[in-house]
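What the coordinates show
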Amino acid sequence: MLPFLTFLQKRLLSTLCLTAVITLSGDLASQSLDRRIALRASYPDEDFVLTKVLKDFELSYDKKTGLVQASETTVMSFLNLTDEFFFHVEPLFTDEFTELKWVRLDGFKKTLSPTSFEIEGIFHHDSQVEPVRVWMLKDSATSNLSYEKIHKDVKYLTKEFISDEAPIVEKRLSFHFPLDWDVELLSFHTDSFDIEIEERVQGKLKTLEVIAKDLPSFKEERTSKGLAFYAPHILILVKSMGPDAQDAGLLSSTDDLYHWYKSLVDDIGNDTQSIKERAEAITQGCDDRQCELRRLFYWVQENIRYIAFENGLAGFKPESCQSVLGKRYGDCKGMANLLAELCRSQGFDARLTWLGTSSIPYDYSIPSLAVDNHMVVTVFEEGEMLILDATEQGLAFGDIADRIQGRPAMVENGDSYLLVDVPESSYHRNEEFLRVTFSVNQATLEGNMDYTASGDKKSSMYFLYPDGDPLKEQDAKKDHFSRGDSDISVEVIDTADPSVPEGVLNWCASFQAKNRVNRYDKELYLDWDLHKSYKGYGKQDNYLSSLRGDLDLESKVLDRELYLIAPIEGYSVSKVPEDLLIQDESFSLRVDFQVESDGSISIQKELIVPRTSIPNQKIPLWNSALGRLQKEIYDRPIIYTLSQ
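Residues numbered from 1 in each chain as written. Predicted model: local features only at pLDDT ≥ 70, side-chain atom pairs only at ≥ 80, totals over all residues. Heavy atoms only, no water.

Turning our attention to the overall build of the protein. Within the protein one finds 11 helices and 35 strands. The buried share of the protein, reckoned over its 644 residues, is 49%. The contacts of the protein with a sequence gap of at least 6 include a subset with a gap of at least 24, amounting to 72%. When the accessible surface of the protein is totalled, it reaches about 31,200 Å², and 49% of it is carbon and sulfur. (Helix = DSSP H or I, 4+ residues; strand = E, 2+ residues; numbered from the N terminus. Buried < 20%, exposed > 50% of the residue type's maximum accessible area, 1.4 Å probe, protein only. Contact = heavy atoms within 4.5 Å. Areas by Shrake-Rupley, 256 points an atom, 1.4 Å probe, with all protein chains shown as cover.)

What follows is the structure in structure tokens.
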């Protein structure tokens, strides 16, 4: 303030300044309110938007660890679009190769208390989560979350999603590194959005920046394979630190990826002698090589419990075979390592094999840890290549689950490796067949059900009672036959089941079904279909229509049903629903009715899905087909007329 101003002049100037500040604040508040109104109109189904997300990654070489690390600083601004005060939980994950340095909410530092994961009380995940509650007022002010995270080894910084579960007004992902480093960002599913990748050079530093504007929300879809198949994201490839730089364990090629995997395998510390003794006990009495291999596979499948998948180093380094054997549980890598060592001890050419399941959209043309999430064993025996995955409960020896069929795999081969494609089977492998025979007794249906399953369908049945408890097995069979319908009472018929683990699963039961017969004057209406398979999809029509990804059925489908209905004494068949046939390259559905001269009826239903998913563009046809199944088949009873 100028010294010569009078007291009144100072008061007047202060008043004018305060008025200007209030006016400016009012203008800003008005602009903020206008923006909130516009965003509510653009995203009427969303609770909040991210008005700005800034992520800065500083890549540097850590001399202490000999690794390239990334210092990530993130700022997120949240805007409430509702008329209520509420909070959103933002989970911040860490593991042995990441460290959360600090977290601030609206400028206030938060005390960190990350929580560990525990699986079924016996398995501690090496990841931790810091659940941060972001409180959002119901006015037009933004709530701000910022944090710093250190990625101690950039190999594990594999991908970043550009999208989020909330809409984003503006997002910037910036990667800063020395000019002579080789860093590449691979973009996926970005073409349909306002997303650009820019490159800048300033002195000896280079910056790669992803700039995105006006992105809709991308939520995890429970019936799709995963966000990586449809949401915009990038893979981060830090390939080298320049021609004269020291070795920091970076992955510049598929060769580098394999050699890093191999270094982990070589450092396991397997006790081969104890494993050899176990293998000899398992194979005792076998008189040929095939018997030995089957025995070893089934022993691991039936005696080692598959329980989890870990992140960080443990996500790629198998546990020692003696440790898995002693604990009797392990993840896919530990089980694969145990099976491989058991086989090797008996002279088999068994090799660890890395691959990504069907939930991974990448292949080995990309040198990144993002391409793998599973491990199996490949055995070369008498000119054959056998893929053995003991994590699949109930899977027959030599059979391969749909989730890895057709996937590229990396097989260890000493100092080199083999790239192979996992063999693929047709949908016939997964046949489900339900045969229902019944007669009508007053208002009750009485008869038998006979169910068989093979392939993935058979395997999935074993997860209904994983501990082998006979009582739980009986309950599981009853639930399967009744499908939770209290009007269906079931009595399980014990059968000699040759399907454990070979062959076809076979369950049988007798049943009574109430409230399936209605009589009106001289007509009888029969609700014949006990389960009305896929009827639930009709209720999901709006949800399925909004999917961005393909509809994932997890396995190929051959679902067959045969209903055999005995004649009803004193009645003749007057009307059955029209046959239904819908055929497309992505699926086919048919229902056929056959009325015999004696009044008996046979009904055949068949659904075929030759791939593991319905392509997104075919979902409307799928919805229409299941809607027709409901309206033209399930909603139309068989009508009988009283005989004269």
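Let's shift gears to a negative patch on the surface. Together, Asp194, Glu196, Glu198 and Asp214 give the surface a local cluster of negative charge. At 3 residues, strand β12 (residues 194-202) tops the list of elements feeding residues into the negative patch. Note that Asp214 resides in strand β13 (residues 205-215). In this structure Asp214 comes out as exposed when scored by relative accessible area, which is 53%. (Patch = residues over 30% accessible without salt bridge, like charges linked within 9 Å, V, L, I, M, F, W, Y side chains within 5 Å. Salt bridge = Lys/Arg side-chain N within 4 Å of Asp/Glu carboxyl O. Lys, Arg positive; Asp, Glu negative; His and termini not counted. Charge placed at Lys NZ, Arg CZ, Asp CG, Glu CD.)

Our next topic: the packing of aromatic side chains. Applying the stated criterion across every chain, the model contains 25 aromatic pairs. For the pair Phe193 and Phe218, a centre-to-centre distance of 5.6 Å together with 75 degrees between the ring planes defines the contact as edge-to-face. Residue Phe193 is found in the loop between β11 (182-188) and β12, and its partner Phe218 is found in the loop between β13 and β14 (233-240); the two are separated by 25 residues along the sequence. On the basis of relative accessible area, Phe193 is assigned to the partly exposed category, the value being 24%. Aromatic rings pair up to connect Phe97, Tyr156, Tyr258, Trp260, Tyr261, Phe316, Trp354 and Tyr417 into one cluster. Over the aromatic face of Trp102 sits the side chain of Arg104, whose NZ or CZ is 4.4 Å from the ring centroid. (Phe/Tyr/Trp six-rings, centres within 6.5 Å; stacked < 30°, edge-to-face > 60°. Lys NZ or Arg CZ within 6 Å of the ring centre and 35° of its normal.)

This brings us to the packing of helix α3 (residues 272-282) against helix α6 (residues 332-345). Two elements in contact, α3 and α6, have axes whose closest approach is 8 Å; the angle formed by their N-to-C orientations is 75 degrees. Relative to α6, the element α3 lies roughly perpendicular. Between α3 and α6, the residues in contact are Thr272, Ile275, Lys276, Arg278 and Ala279 and Leu338, Glu341, Leu342 and Ser345, respectively. The residue makeup of the contact of α3 with α6, split by class, is 4 nonpolar, 2 polar and 3 charged. (Axes fitted to C-alpha atoms, helices over the stretch in contact; angles between N-to-C directions. Parallel < 35°, antiparallel > 145°, perpendicular 65-115°, else oblique. Nonpolar A, V, L, I, M, F, W, Y, C, P; charged D, E, K, R; others polar.)

Taken as a whole and judged by the stated rule, the model has 1 disulfide. In this model, Cys286 is linked to Cys291 through a disulfide, with the two sulfur atoms separated by 2.1 Å. As the torsion about the S-S bond is roughly -60 degrees, the Cys286-Cys291 disulfide counts as left-handed. (Disulfide = S-S within 2.5 Å.)

With 56 residues, the main nonpolar core has Val300, Leu338, Leu339, Trp354 and Leu388 as its most contacted residues. Here this core takes 8 residues from α6, the largest share from any one element. Leave out the neighbours within four places in its chain, and Leu339 touches Leu296, Phe297, Val300, Val377, Leu388 and Ala390. Ranked by size, the runner-up nonpolar core spans 53 residues in total, among them Leu607, Val609, Ile619 and Ala625. (Core = buried A, V, L, I, M, F, W, Y, C linked by side-chain atoms within 4.5 Å.)

Bringing helix α11 (residues 619-634) into the picture now. For α11, which comprises 16 residues, the first-to-last C-alpha distance of 21 Å matches the rise-based estimate of 22 Å (1.5 Å per residue) to within 8%. Among the residues of α11, Ile619, Trp622, Asn623, Ala625, Leu626, Leu629, Ile633 and Tyr634 are the ones counted as buried. Buried residues of α11 fall within an arc of 160 degrees about the axis and therefore sit on the same side. Along α11, the residues that are exposed and aim more than 90 degrees away from the buried face are Pro620 and Lys631. (Expected span 1.5 Å × (residues − 1). Arc of directions from axis to C-beta.)

On to the sheet that holds strand β25 (residues 505-513), then. Each strand in a sheet pairs with another by means of backbone hydrogen bonds, the pair being arranged parallel or else antiparallel. The sheet built from 8 strands is open, its strands ordered β24-β25-β23-β22-β29-β33-β32-β31 with mixed pairing. The sheet terminates laterally at β24 (488-493) and β31 (580-583), the two strands that pair on one side only. Ignoring strand direction, the axes of neighbouring strands in this sheet form an average angle of 15 degrees. Of the strand pairs in this sheet, β24 and β25 are connected by 6 bridges, and their pairing is antiparallel. Paired with Val490 across the strands is Phe511, a residue of β25. Its contacts with the sheet put helix α8 (residues 470-482) on β22 (431-441), β23 (444-453), β24 and β25, and the angle it makes with β24 is roughly 135 degrees. Seen against the sheet, α11 touches β31, β32 (588-595) and β33 (601-609) and runs at an angle of roughly 175 degrees to β31. (Pairing = 2+ DSSP bridges.)

Before going further, it helps to examine the pattern of salt bridges. Scanning all chains against the criterion turns up 39 salt bridges. Put simply, Glu424 and Lys556 hold a salt bridge, and the shortest N to O gap is 3.9 Å. Note that Glu424 is positioned in the loop between β21 (416-421) and β22 and Lys556 in the loop between β28 (551-552) and β29 (557-565), a separation of 132 residues in sequence. Judged by relative accessible area, Glu424 falls into the partly exposed class, the value being 42%. Taking the relative accessible area as the measure of exposure, Lys556 reaches 2% and is therefore buried. Among the salt bridges present, the one from Arg590 reaches Glu606, with a minimum N-O distance of 3.4 Å. One end of the pair, Arg590, is in strand β32; the other, Glu606, is in strand β33, and 16 residues separate them in sequence. A relative accessible area of 23% places Arg590 in the partly exposed class.

Next up on the list: the confidence of the model for the protein. Scored by pLDDT, the protein has a mean of 89; 90% of the residues are at 70 or more. Within the model, pLDDT remains below 50 along residues 119-124, and this stretch shows 13 contacts once partners closer than five positions in the same chain are excluded. (pLDDT = per-residue confidence, 0-100.)

Another point: the sheet that holds strand β5 (residues 108-109). One open sheet holds the 8 strands; their spatial order is β5-β4-β8-β2-β1-β10-β13-β12, and the pairing between them is mixed. Across the chains shown, the open sheet's two edge strands, defined by having one partner strand only, are β5 and β12. Where strand β10 (residues 168-178) lies against β13, 10 bridges are found, and the strand directions are antiparallel. Across the sheet, residue Pro178 finds its bridge partner in β13, namely Leu205.

So, about the side chain of Ser77. Note that Ser77 resides in strand β2 (residues 67-80). With relative accessibility at 11%, the residue Ser77 sits in the buried group. Excluding residues that lie within four positions of it along the chain, Ser77 makes contacts with Val49, Leu50, Thr51, Lys52, Thr142, Ser143 and Asn144.

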